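Spelled out, the chains give:
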Amino acid sequence: MDDVEQTLDTAGVTNPHVRDYVRYWANLTRAARVEVVSANDDARLLQESLDAGEIWPAGSGRYYARSYQKDTARSEERTIVATRNPADKGVYNNWRPSSEMKPMLEARMRGACAGKAMYVVPYLMAPPGSPLDPYACGVELTDARTVVLHMIRMSRVGVEYVNNLVDPTTFVRAVHVTGDLESLGQGTADDQRYFLTVADERTILHYGSAYGGNALLGKIAHGLRQAAYDGWTSGTFLAEQFMLIGITDAQTGTTRHICGGFPSASGKTNLAMLLAPGALGDRYRVSFYGDDIAWLWVDPDGVLRAINPEFGVFGVAKDTNERTNPVALEAVAEGTGALFTNVAYNEQSQQVWWEGRTPQPPADATGWRDWKGQLISERAGETDGSWAHANSRFTTTLANVPNIAVDFNSPYGVPIDAIIFGGRTRDREPLIRAIDDLAEGVYDGLTLGAEATFAAEGLEGQLRYDPMSLRPFMSYPEGRYAEHWLRIIGAAKQKPIFAHVNWFQRDPVDDHFLWPGYRDNLRALLWLLQLKDGQVIGRRTPVGVLPALDELDLDGLDIAPADLDRLLSIDVARWQKEMLFREQYLEQFPNLPAEIWQAHRRLAAALDDEAEFEGRG
Ligand code: OXD
Ligand code: MN
């Protein structure tokens, strides 16, 4: 191995704890050499990756990569949170004792980087200078150069972040070792992969993947799992899988901020990159802060604030097009340095394509290869037909997003006016229902879910619950999590208004979507802000306040009155059924605060009263 000390000296790493950590893992993994990276190494690393055939050019200033075919997504079963304390076990965090898991990971990683470089990536998950800085710094060690390219896009990378720590020990130790992808038994009984967060030691050990959140450890493992645990144990903040936007009203000159969680495939990135519909565009401008993670805290003046700790967007490519998300297309245009993974690629024209990019795939298949690298022209009948993988992605920095907020880099974040939750629900959930009670808002987030994709017998209409959309990243027990939410938001002098939104309700007869979605979603959010300001009063129902029929700004929107009527009404019987599912779901969580149970019972009782009233009427 090269002289690690000399490499660290040359790179200017002065933090002795970082030096110890790098030395330890370089020795254990037997890496051939160590290389310390900062963001301005990007051009050189891109060239090295191009030369090595790890990436290909996708036009000018854009790049394309394929992952190993069995390494295309996060693996929830292999993802584990470990600590010393068995009381940290929750329903969703796959808790195991760290005394059992750490040696297991060390054994897998021992000698696993022989002959390879180990890149040292010091990073910050926050705009520099933030009050949450003590929780934001990490050092990822990785043996994959494409992972470094992703980290440079998704987080702030540079040695200065670790050298200038107030407490030099407080960085997350995040070790990523790819392993021999072809012999890891992915998805079999002999699966060798483990994605471990040792939360009480602020150590992340991921083995057996080079893809996405399994490998770029600043994002999910640190930005969500570790940060959620740190936020809880320090009692100071929440780390959530939330998008974050600003809405500026040119008429009043005010900007309001909304954050919120949506389970996968519920349109979170599209919502975060929302543009105002044409008719409202002169008055309202939506600005983008982030599409996937928000950290929330209450400042010394009692204001609830949020930052997006990320520096980029790791977005799902599928179905991204001019109608669904023109902003994303601009953010990955040529010259942005964007990286595409597992989309289809034309090796002659250097174009990329994914399902939903255009209604039909390119008519002339010449030169096109699917995400596995197979020539489209040669694969007849061999595959499921898709050109891109369903979880194919684009990676681009926040600054490439055309409507990025001017203050996205502000270390103090932005004040939060509203927190929204939304799933993809074909019935029951109206377009929007506002919730002005803290416990009922937290209860609503806890009972968030996505429709199960399978319609197993007896399961129709049942949700896969996904509390606050954090289920895959939950790092401590759910009851404590609810308690922490009540405590953090409860400390705000001005409480945010909560709301549940649903853009996906369908007509029960012919199945058409009742609401056009996309840009028009702004109309529901504007109503919510007006409700908070007392400019509209809405219509109170057992499950929240809904817009009165004449309160939504529908300027420029052609919508059938019957559709609008259904979008803004409550199916009481359907809700009563849902309350029984919720009861069973919540019962799994020990220590769920009494306020949450009371909120649940209040809703159930109000629905029963309403049913009785309807029955009489
Ligand atoms: C995710 C992601 O897996 O954001 O949720 O990549
Ligand atoms: Mn996500």
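Residues numbered from 1 in each chain as written. Chains lettered and ligands numbered in written order. Predicted model: local features only at pLDDT ≥ 70, side-chain atom pairs only at ≥ 80, totals over all residues. Heavy atoms only, no water.

Caption draft 1: Molecular detail of the overall build of the protein chain. For the protein chain, the helix and strand inventory stands at 16 helices and 31 strands. Projected onto the principal axes, the alpha-carbon positions of the protein chain cover approximately 80 × 60 × 55 Å. Burial analysis of the protein chain (617 residues in total) assigns 59% to the buried set. Of the contacts formed within the protein chain by residues at least 6 apart in sequence, a portion of 74% connects residues at least 24 apart. Across the protein chain, the mean location of the 60 positive side-chain charges is 3 Å away from that of the 84 negative side-chain charges. (Helix = DSSP H or I, 4+ residues; strand = E, 2+ residues; numbered from the N terminus. Buried < 20%, exposed > 50% of the residue type's maximum accessible area, 1.4 Å probe, protein only. Contact = heavy atoms within 4.5 Å. Lys, Arg positive; Asp, Glu negative; His and termini not counted. Charge placed at Lys NZ, Arg CZ, Asp CG, Glu CD.)

Caption draft 2: Local environment of the side chain of Glu478. In this fold, Glu478 is placed in helix 12 (residues 478–490). Buried and without a salt bridge, Glu478 has Arg471 as its closest oppositely charged side chain, separated by 8.0 Å. What Glu478 contacts, discounting residues up to four positions off in sequence, is Gly90, Val91, Tyr92, Phe589 and Leu592. (Salt bridge = Lys/Arg side-chain N within 4 Å of Asp/Glu carboxyl O.)

Caption draft 3: Spatial organisation of the sheet that holds strand 22 (residues 368–369). Strand order in the open sheet made by the three strands is 21-20-22, with antiparallel pairing throughout. A single partner strand is all that each edge strand has here, and the edge strands are strand 21 (352–353) and strand 22. (Pairing = 2+ DSSP bridges.)

Caption draft 4: Summary view of the pattern of salt bridges. Counting across every chain of the model gives 47 salt bridges. We note a salt bridge from Asp533 to Arg256, for which the minimum N-O separation is 2.8 Å. Of the two residues, Asp533 sits in the loop between helix 13 (521–532) and strand 30 (539–541) while Arg256 sits in strand 14 (residues 254–261), which places them 277 residues apart along the sequence. It is possible to trace a salt-bridge network through shared partners that takes in Arg33, Glu35, Asp41, Arg44, Glu48, Glu54 and Arg145.

Caption draft 5: Expanded view of the nonpolar core. Counting residues in each nonpolar core, the largest one holds 201 residues, and the members touching the most others are Trp295, Leu296, Ile419, Trp485 and Trp503. Residue contributions to this core peak at eight residues, all from helix 13. Ignoring sequence-local partners within four residues, the contact set of Trp503 consists of Phe262, Leu271, Leu431, Phe513, Trp515, Asn521, Ala524 and Leu525. Ranked by size, the runner-up nonpolar core spans five residues in total, among them Trp353, Trp368, Ile376 and Trp387. (Core = buried A, V, L, I, M, F, W, Y, C linked by side-chain atoms within 4.5 Å.)

Caption draft 6: Fine view of helix 8 (residues 218–234). Its 17 residues give helix 8 an end-to-end C-alpha distance of only 20 Å, which falls more than 12% under 24 Å, the value for a rise of 1.5 Å per residue. For helix 8, the principal kink sits at Ala227 and spans about 35°. By the criterion of burial, helix 8 is predominantly enclosed, with 15 of the 17 residues buried. Note on helix 8: the residue one or two positions beyond its end, Gly235, has a positive phi of about 70°. (Expected span 1.5 Å × (residues − 1). Bend = angle between axes of the 7 residues up to and from the residue.)

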